[in-house]
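So the chains spell out like this:
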Amino acid sequence: MTLMSALTEPVFPPPPPPPPTPPTEPKAPRPTYLWPFAIGFFVLGLLFLVGSLTKLSPDAWFTAIAFCFVGLLIFGLSFIPLPAVPQKEEPLSFLQKVTGIFFEPSRVFRNLREHPLWVGAFILMGLLSATYSYAFVQRITPERIVEQARQQTESMGNLAGTPERREEQLTRQLEAMKHPVTRVGAALNAVPATFLFIAAVAGLSLLGMLAFGGRMNFWQALAVTTYGAVPIVVIQKVLGLIILYLKAPEDLHVNLNRDTTLQDNLGILVTPADQPVLFVLLSVIGITSFYGIWLRAKGMHLGATRASSGAGWGVSISLLLIGLFLGLTFAVLMPGIFA
């Protein structure tokens, strides 16, 4: 009976093998190559701090804090992964990108989409800004800068402190500006300031791109913002340096010419001290201003993982409106800076 049951019992085929596990995509790498750069900033800040404490570089604590903060910020940002996009071409060299951003920006922005490298362009802009800042103080003299600061603090009244306190601060500021090491440090403040400005604009650009339906990585936004600003900074600083030494020092404005002496906008049609709001509005209408808007729109479109041309223009115009709003706010709340 047992034998007959075994002969009539059905035989089932073995179960099929389990489906193959889909390959997991490798995680996007992080830009750890920025760590030496971040450490260098932090160490330089510590050196300025030591110089300030030992009076080798009086009142350089602000420079120390700025460099240390930017070093920590770059280190923190380095944990953001790079964009995971297919790489169809090799990265352009620094020289190719710096020259190409003037003559073939589309090629540069497309390359930055796959290889968002930006350190070289940032160093170039930082050095140009620091050079202009140092030359500006030397040309216009520390005494005139402090005198302008004295007039502004006096117009603020008690909000700027007691007269004795204000005079003490201005005296210390004048001594620091005359100190050669401190003057170099003050000029180098343009380097961390440049990075903070670019990082802020890149963050706003990233948010704007997402709002307009595009896809973009932070490093793409930072690289596009950095190289998109290179032509503007080169034009403003190089021509600004030439004009700085062609014009008489008394014709230079302590506040309005602090970044550049180049005036290529309609703001020259009005007197800033008399019509600060109108001056800010007309300053937007200029050659480098329109050039920068076009470059930013093109970079956002071609440098993003996915974005339409309309999204690029939307982000660029939105940033213009934000900058205009901030400028008008300063013109209303602090008109003395235009005097």
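Residues numbered from 1 in each chain as written. Predicted model: local features only at pLDDT ≥ 70, side-chain atom pairs only at ≥ 80, totals over all residues. Heavy atoms only, no water.

(A) Spatial organisation of the packing of helix α6 (residues 119–140) against helix α11 (residues 218–246). The geometry of α6 relative to α11 is characterised by a closest axis approach of 10 Å and an angle of 20° between their N-to-C directions. On the basis of the axis angle, α6 is roughly parallel to α11. The handedness of the crossing between α6 and α11 comes out as left-handed. For the pair formed by α6 and α11, the contact residues are A121, F122, L124, M125, L128, S129, T131, Y132, A135, F136, Q138 and R139 on the first element and T226, Y227, A229, V230, V233, V234, K237, G240, L241, L244 and Y245 on the second. Here the residues of the contact of α6 with α11 are counted per class, giving 16 nonpolar, five polar and two charged. (Axes fitted to C-alpha atoms, helices over the stretch in contact; angles between N-to-C directions. Helix = DSSP H or I, 4+ residues; strand = E, 2+ residues; numbered from the N terminus. Parallel < 35°, antiparallel > 145°, perpendicular 65-115°, else oblique. Left-handed = near helix turned anticlockwise from the far one by under 90°. Contact = heavy atoms within 4.5 Å. Nonpolar A, V, L, I, M, F, W, Y, C, P; charged D, E, K, R; others polar.)

(B) The packing of aromatic side chains, seen in detail. Scanning all chains against the criterion turns up 18 aromatic pairs. On the numbers, 5.6 Å between centres and 45° between planes, the contact of W35 with F75 is tilted. Pair noted here: W35 is in helix α2 (residues 35–53) and F75 is in helix α3 (residues 61–77), with a separation of 40 residues, a long-range link. (Phe/Tyr/Trp six-rings, centres within 6.5 Å; stacked < 30°, edge-to-face > 60°.)

(C) Structural view of the confidence of the model for the protein. When pLDDT is averaged along the protein, the result is 86, and 89% of the positions lie at 70 or above. Per-element confidence in the protein is highest for α11, whose mean pLDDT is 95, and lowest for helix α1 (residues 2–8), whose mean pLDDT is 51. (pLDDT = per-residue confidence, 0-100.)

(D) Spotlight on unusual backbone geometry. Even without glycine at this site, T141 takes up a positive phi of about 75°. Turning to its location among the elements, T141 is positioned in the loop between α6 and α7 (142–156). Here T141 falls in the partly exposed class, since its relative accessible area comes to 32%. (Buried < 20%, exposed > 50% of the residue type's maximum accessible area, 1.4 Å probe, protein only.)

(E) Region of interest: the environment of G303. The topology assignment puts G303 in helix α13 (residues 287–303). In this structure, the C-alpha to C-alpha distance between G303 and R113, residues 190 residues apart in sequence, is 4.3 Å. Those residues in contact with G303, other than ones at most four positions away along the chain, are F109, R113, M216, Q220 and V224.

(F) The arrangement of helix α5 (residues 105–114) in detail. With respect to burial, α5 is a largely interior element, eight of its ten residues being buried. For α5, the complete set of buried residues consists of P105, S106, V108, F109, N111, L112, R113 and E114. Looking at the buried side of α5, the elements it contacts are α4 (94–103), α11 and α13.

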